[in-house]
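Architecture at a glance
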Amino acid sequence: MQIIDGKATSAAIRQELREQTAAFVKSNGFAPGLAVILVGEDPASQVYVRNKARACEEVGFYSEVHRLPESTTQAELLGLIDRLNADEKIHGILVQLPLPKHLDEGELLLRIAPEKDVDGFHPCNVGMLTIGAPAFVPCTPAGIMELLRRYGIDPDGKRCVVVGRSNIVGKPMALLLMAANGTVTVCHRHTANTEALTREADILVSAVGRAHFLTADMVKEGAVVIDVGMNRDENGKLCGDVDFDAVAPKCSYITPVPGGVGPMTITMLLKNTLKSAENRAQKL
Ligand code: GUN
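The present account deals with the structure reproduced in this document. (Residues numbered from 1 in each chain as written. Predicted model: local features only at pLDDT ≥ 70, side-chain atom pairs only at ≥ 80, totals over all residues. Heavy atoms only, no water.)

What to know about the overall build of the chain
Each helix and strand counted, the chain has ten helices and eleven strands in total. For 284 residues, the compact-globule estimate of 2.2 N^0.38 gives 19 Å, and the C-alpha radius of gyration of the chain, at 19 Å, lies within 12% of that figure. With the principal axes as the frame, the chain shows a C-alpha extent of 55 × 40 × 40 Å. Within the span of the chain, comprising 284 residues, buried residues form 49% of the whole. (Helix = DSSP H or I, 4+ residues; strand = E, 2+ residues; numbered from the N terminus. Rg over C-alpha atoms; globule rule 2.2 N^0.38 Å. Buried < 20%, exposed > 50% of the residue type's maximum accessible area, 1.4 Å probe, protein only.)

Details of unusual backbone geometry
Omega for the bond connecting L97 with P98 falls within 30 degrees of zero, at 0°, which places this linkage in the cis form. Even without being glycine, N193 reaches a positive phi, approximately 55°. Inspection of the secondary structure puts N193 in the loop between β6 (183–187) and α8 (194–198). You will see that H212, though not glycine, has its phi angle at about 60°, which is positive. Locating H212 in the fold gives a position in the loop between β7 (203–206) and β8 (224–227).

Focus on the sheet that holds strand β3 (residues 62–68)
Spatially, β3-β2-β4 is the arrangement adopted by the three strands of the open sheet, whose pairing is parallel. Here the strands that pair on one side only, and so sit at the sheet edges, are β3 and β4 (92–95). On average, each strand axis in the sheet is inclined to that of its neighbour by 15°, with strand direction left out of account. Bridge analysis of strand β2 (residues 33–39) against β3 gives seven bridges, and the strand direction is parallel. The residue bridging L34 from the neighbouring strand is S63, located in β3. (Pairing = 2+ DSSP bridges. Axes fitted to C-alpha atoms, helices over the stretch in contact; angles between N-to-C directions.)

Remarks on the environment of T191
For T191, the location among the structural elements is in the loop between β6 and α8. Along the sequence, T191 and E57 sit 134 residues apart, while their C-alpha atoms lie 43 Å from each other. Setting aside anything within four residues of it in sequence, one finds T191 in contact with V186 and L197. (Contact = heavy atoms within 4.5 Å.)

Here's the deal with the packing of aromatic side chains
Under the defined criterion, the tally for this structure stands at two aromatic pairs. Here F24 and F30 contribute two aromatic rings whose centre-to-centre distance is 5.3 Å and whose plane-to-plane angle is 85°, an arrangement assigned as edge-to-face. Plain terms: the ring middles of Y151 and Y253 are 6.3 Å apart, the flat faces sit at 75° to each other, and that makes the pair edge-to-face. Within this pair, whereas Y151 is found in the loop between α6 (139–150) and β5 (159–163), its partner Y253 is found in strand β11 (residues 253–254), the two being separated by 102 residues in sequence. (Phe/Tyr/Trp six-rings, centres within 6.5 Å; stacked < 30°, edge-to-face > 60°.)

A word on the site of the ligand
Surrounding the ligand, one finds K52, L94, V95, Q96, L97, D119 and F121. One nitrogen or oxygen atom from the side chain of Q96 is found 3.3 Å from a nitrogen atom belonging to the ligand. Taking L97, its main chain carries an N or O atom lying 2.9 Å from a nitrogen atom of the ligand. (Near = heavy atom within 4 Å. Polar contact = N/O pair within 3.5 Å; in protein donor to acceptor, adjacent residues only side chain to side chain.)

Quick look at the environment of G33
Relative to the helices and strands, G33 is located in strand β2. Separated by 243 residues in sequence, G33 and S276 place their C-alpha atoms 9.3 Å apart. When near neighbours in sequence (up to four residues on either side) are disregarded, G33 contacts Y62, K89, I90, H91, G92 and T273.

Points about the pairing of β5
Across the five residues of β5, four count as buried, placing the element largely inside the fold. Note that the unit made of β5, helix α7 (residues 170–179) and β6 has a crossover that is right-handed. As paired strands, β5 and β7 are joined by four bridges and run parallel to one another. Along β7, the bridge assignment pairs C160 with I203. (Right-handed = clockwise from strand over helix to strand, strands pointing away.)

Examining the packing of helix α1 (residues 6–28) against helix α10 (residues 262–283)
α10 packs onto α1 with a crossing angle of 20° between their chain directions and a minimal axis gap of 9 Å. By the angle between their axes, α1 is roughly parallel relative to α10. The element α1 and its partner α10 pack so that their crossing is left-handed. Between α1 and α10, the contacting residues are G6, K7, T9, S10, I13, R14, L17, Q20, T21, F24 and N28 on the first element and P263, M264, I266, T267, M268, L270, K271, L274, A277, E278 and A281 on the second. Here the residues of the contact of α1 with α10 are counted per class, giving eleven nonpolar, seven polar and four charged. (Parallel < 35°, antiparallel > 145°, perpendicular 65-115°, else oblique. Left-handed = near helix turned anticlockwise from the far one by under 90°. Nonpolar A, V, L, I, M, F, W, Y, C, P; charged D, E, K, R; others polar.)

This is the structure:
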C-alpha cells in the first residue's frame, strides 16, 4: 500500500508554477491576477479563501479578495462580476461556494466571462469538458487526475466508481475518468446497493461529505482509493469520507485527509489562472 502524498506533489507543482510565473512576468510585464468573491461568514469558506489568497502570493500572482456581507444583493454581485470581467489586472474570477440562499448561483456563474472562469463552473467550460475539448477544468477533479498521472495510475480500461454527483466534483470527475478511457459508474444517494458497485472499482473516488462513509467491506483488494471528503468526526477532528485505518491495508494506493486531494485543489486553481493570463498575453 502506498500513500498518495498530495502535499508533497502540490509543493513540487507550486515550485514549477513559481518559476513559470517569474518567466511570464519577465516577458509580459504583468502578473497573473485572481479575484476571489466571498459572500457571508461561512467558516470553512473563510479558510479556503484565505488559503487561495496566500497561495497566489507565494507563486507571485496579483490577487484581490472581495469580502462581502451576507446581505449583498444579486444586482450588486452581478455589477462586481461585470467590473472584474472588464478589469485587465484580473485573469481569473472565482465566486466561493456555497452562496447564501437568497442568491442565484446559476445566474452569477453564467455572468463570469468564460475565459476568466478558472473554477471551470461556467456552462461553456462544463460543455467543453463534456464534448472532450477541455478549457478550464474544475480544480478538485483536475487535481485528482494530476495525482493519478504523477503516481503512474492509468485509468485506461479500469473500472472507475465515483460516489457523489456534484457539479464541483462528482460529475466533472466522471467525465475526466471517461476521457482517460476508464469505464465509469457514478453512485449517489438514490443508488441501490452502492456497496456492490464500489466493490467492483479499480479506482474509487468518494466525494460524499460524510465521515466514515466508505468502510473496508466496500473496497476491493488492491483498489486505488481517492478521498475527497472534508468532514469533522465525533471529536471534531478533520477527516475524509474513508475509514482510513481499516481501508488503507486493502488498497494499492490511497489519499489521506488531510494532505491528499485538498492541497491539489488550490494548486490547480493557480495553474488555471496562469493559463488564463497566458491566453490573454497571446491576444495582446
Ligand atoms: N467550494 C468548495 N469547493 C469549491 C471550489 O473548488 N471552488 C469554489 N468557488 N467554491 C468551492
